[in-house]
Amino acid sequence: MNYLWAFLVGGALCLAGQLLIDLTPLTPARILTGYVAAGVVLSAVGLYGPLADWAGAGASVPLLGFGHLLAKGVQQAVDEQGLVGAFTGGLTAAAGGVAASLVFAILAALLGRSKDQN
Amino acid sequence: MSIRRRDTLLFPDPPAIAAWAAVGGKKEGEGPLGAALDERLADASFAAEGCTSWEDAESRLQQRCIRRCLRKAGVTARQVELAFAGDLQAQCTASAYAMRAMGVPFAGLYGACSTMAEALALAAAFAAAGYSERTLAVTSSHFCAAERQFRTPLNYGGKRTPTAQWTATAAGACLVRPAGAPGVGVASVTFGRVQDYAVRDINNMGAAMMPAAAGTLLACFGALRAAPQDFDAVITGDLGAVGSELLYAQLRKEGFSLDNHLDCGCLLYDRDEQHVKAGGSGAGCSAAALCAYILPQLAAGRWRRVLFVATGALMSQATFLQGQSIPGIAHAVELIAPTGEGRA
Amino acid sequence: MKLDPQSYARMVRRAAPPSALGRDCAWAFAVGGCICLLGEAMRRAYALRFAPDLAGTLTSITLIGLAAAATVPGWYQKLAARAGAGTLVPSTGFANSVASAAIEFKAEGWVTGVGAHIFQIAGPVIAYGTLASWVWGLLYWAMSRGG
């Protein structure tokens, strides 16, 4: 069952993004930035946690999940370290994904070259 | 000599386009005009020649086109007295680096996608005034160089909107000579005025450029005391499908029916098959359509008189991000078939 | 000319062909859903050997690696030309934006090109995500002291 919910929730979050692209003048860059900020807010008000438990990767893989990850990280760090956790928690939680993007991107740049789109 | 009538320069002794050439990439080669291109590049990256950047690739594309044109004219680079050239790259480097290799006197132009008409108009004016015996008018654009400068990295995954246009990987070159030389005649040229009707959508250039095309066409019809029906074809640069529809509507309002209209952006590609959305664009799009289709039609006598109106959108990445609207420009060149012994 | 900006804006809206909304959405839903499904399968597999949090991190690292690998031959771009938000919204889209920028700006050098432009597209996401999390951290801290 969880597989089905991962597919449906993940697909629905992408579909919402497509509606924003097609029906509003928002550019993809703004939509993605909005998604991450919305993920932080939804997580902060306690809505995203249950969704992530329920839909698994369907909630964590879309960029809203990145916002959720940041918010969860900051909360945990504030619990452990107090105010300084507000500074360290977000990026610490996101470090794996950001560093992986960076490392694999450098590898891609070593191996690949810019390609024509014929 | 020329006669000035408002924004239009009339040439009673029309200068002649003595030779022309068009070069295109793979996609352009597969399009409706593919067979008419002088050269179809299988690989527009020029990697086999050791080229490592798209900017350099465009410069090589433009050079290829110039050399083809000169060979067809039987003229050497040394004999060229002036070249008007332009492209879409920042600081017009594709043209500047091509001209570094050619070693001819060079005046760089920027008119975005309208540059071919601008270059041809200036070349004709110089020829008519007796300033230059052999003048080149050249433009190019390269999909990859434009994409990385104006949009996103080439390997980035993005979806195009239906109004977006596809920058052509293409170049066109014309050699213009004074009246008396054989070739397609330039009967008049009209330099357009910048028009801005507050279009801000960077993915709808056709709409941003339409008012400029309409303005220049109206100026032309007024100065030439002509209507669209007096031409075998009225050909706009690259308004694409969306801009063309808007142009018909606007000219109807002005009392003209434009039923012999063609658009270079829709000529160069098959919009149904080639996934170019609203059509082609880029400084090389109208240049290639001119040299692969329009000039050959005139030279063969299938057309007697056409109006070539290339349109350009004059924003930059910075002005766009700063929220400014997109100004457009259009220049018109009236072309006539060769007469008598002047037939090419 | 018989034209003014207000009436022209209306003309342009009418003339613009609409997006193929149904087809766009079907593609976005199906492709986005499949990427998440793949993520879920990985998460389950990793969870057999690792703690849940670690399995989550390993899943996102694997997806990011796959997306970067698909970026090199241009496959990710080809899929995205149809899938739209389906490839944009998942973390694989984030990875594609970083990898494609790195590849593109190699021509301008490793430091001034790749280094300076690598987060050109992903940067705003990191910047405003981090800022939003800081704001939430501050509120959470104030709330936990108050309560």
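Reading guide: rules and limits
- Residue numbers restart at each chain and count upward from 1, following the sequence in its written direction.
- Labels are handed out in written order, letters beginning with A for the chains and numbers beginning with 1 for the ligands.
- Only residues with pLDDT of 70 or above have their local features reported here, since the model is predicted, and side-chain atom pairs are shown and tallied only from 80 upward, although totals for entire chains, interfaces and linings are computed over all residues.
- Hydrogens and waters are ignored; side-chain quantities use all the structure's heavy atoms.
- Note on definitions: angles span 0 to 180 degrees between N-to-C directions of axes, and those axes are lines fitted to C-alpha atoms, for helices only across the stretch in contact.
- Each helix is a run of H or I in the DSSP string that is no shorter than four residues. Each strand is a run of E no shorter than two, and both are numbered from the N terminus.
- For classification purposes, an angle smaller than 35 degrees is called roughly parallel, one larger than 145 roughly antiparallel, one from 65 to 115 roughly perpendicular, and anything else oblique.
- Any pair of residues with heavy atoms lying within 4.5 Å of one another is described as a contacting pair.
- The nonpolar class holds Ala, Val, Leu, Ile, Met, Phe, Trp, Tyr, Cys and Pro. Asp, Glu, Lys and Arg form the charged class, and all remaining residues, Gly among them, are polar.
- Domain start and end points were adopted from an automatic or database domain assignment.
- As a working definition, buried area equals the accessible area (1.4 Å probe) given up by two parts on being put together, with both sides summed.
- Salt bridges are defined as contacts in which a side-chain nitrogen from Lys or Arg sits within 4 Å of a carboxyl oxygen from Asp or Glu.
- Polar contact is the term for a pair of N or O atoms within 3.5 Å; when the atoms are in protein, one must be able to donate a hydrogen and the other to accept it, and sequence-neighboring residues count only if both atoms are side-chain atoms.
- A patch consists of residues whose relative accessible area exceeds 30% and which take part in no salt bridge; residues with like charges are grouped when within 9 Å of each other, and nonpolar side chains (Val, Leu, Ile, Met, Phe, Trp, Tyr) when within 5 Å.
- Accessibility throughout is a Shrake-Rupley quantity obtained with a 1.4 Å probe, and a residue counts as covered only by protein chains that appear here.
- Working convention for charge: Lys and Arg count positive, Asp and Glu count negative, and His plus the chain ends are omitted.
- Where a charge sits is defined by one atom per residue type, namely NZ (Lys), CZ (Arg), CG (Asp) or CD (Glu).
- When accessible area is computed with a 1.4 Å probe and restricted to protein chains, residues below 20% of their type maximum are described as buried, those above 50% as exposed, and intermediate ones as partly exposed.
- Expected span of a helix: the number of residues minus one, times 1.5 Å.

## A few points about the packing of helix H1 (residues 2-23) of chain A against helix H3 (residues 48-55) of chain A
Any two packed helices are characterised by how steeply their axes cross, that is the angle between the axes, and by the distance between the axes. Residues and elements named next belong to chain A. Their axes nearest at 8 Å, the elements H1 and H3 cross at an angle of 130°. With respect to their mutual orientation, H1 and H3 come out oblique. Contacts between H1 and H3 involve Asn2, Trp5, Ala6, Val9 and Leu13 from the first element and Tyr48, Leu51, Trp54 and Ala55 from the second. In the contact of H1 with H3, the residues fall into 8 nonpolar, 1 polar and no charged.

## Considering the domain arrangement of chain B
All names here are of chain B. Structurally, chain B comprises domain 1 (3-177) and domain 2 (184-339). Centre-to-centre, using C-alpha coordinates, domain 1 lies 17 Å away from domain 2. Taken together, the contact pairs 56 residues of domain 1 with 63 residues of domain 2. Taking both partners together, domain 1 and domain 2 bury about 4700 Å²; carbon and sulfur atoms supply 63% of that area. Applying the counting criterion to the domain 1 and domain 2 interface returns 1 salt bridge. Of the charged contacts, one joins Asp7 and Arg193 as a salt bridge, the two residues approaching to 2.7 Å between their closest N and O atoms. In this structure, the connection of domain 1 to domain 2 is made through 24 residue pairs in polar contact (both at pLDDT 80 or more). Breaking the side of domain 1 that touches domain 2 down by element, the ones donating at least two residues are strand S2 (8-10), strand S3 (16-24), helix H1 (26-29), helix H4 (115-129), strand S7 (135-141), helix H5 (143-150), strand S8 (166-167) and strand S9 (170-177). With 7 residues, H4 is the largest single contributor of residues to the side of domain 1 that touches domain 2. Looking at the side of domain 1 that touches domain 2 residue by residue, the classes come out as 33 nonpolar, 14 polar and 9 charged.

## Digging into a positive patch on the surface
Judged by side-chain charge, B:Lys253, C:Arg10, C:Arg13 and C:Arg14 come together as a positively charged surface patch. For the positive patch, the leading source of residues is helix H1 (residues 5-15) of chain C, giving 3 residues. The residue C:Arg10 is located in helix H1 in this model. Classification of C:Arg10 as partly exposed rests on a relative accessible area of 45%.

## Observations concerning helix H2 (residues 21-47) of chain C
Between the first and last C-alpha of H2(C) there are 38 Å, a value that for 27 residues agrees with the 39 Å anticipated at 1.5 Å per step. Among all positions in H2(C), only C:Asp24, C:Cys25, C:Ala28, C:Val31, C:Gly32, C:Gly33, C:Ile35, C:Cys36, C:Gly39, C:Glu40 and C:Met42 are buried.

## So, the pattern of salt bridges
Residues and elements named next belong to chain B. Under the definition given, this model contains 18 salt bridges over all chains. A salt bridge links Arg64 to Glu39; the nearest nitrogen and oxygen atoms lie 2.3 Å apart. Remark: Glu39 occurs in strand S4 (residues 39-40) and Arg64 occurs in helix H2 (residues 54-73); sequence separation between them is 25 residues. Owing to a relative accessible area of 13%, Glu39 belongs among the buried residues under this scheme. Residues joined in a network through salt bridges with shared partners are Glu39, Glu49, Asp56, Arg60, Arg64 and Arg68.

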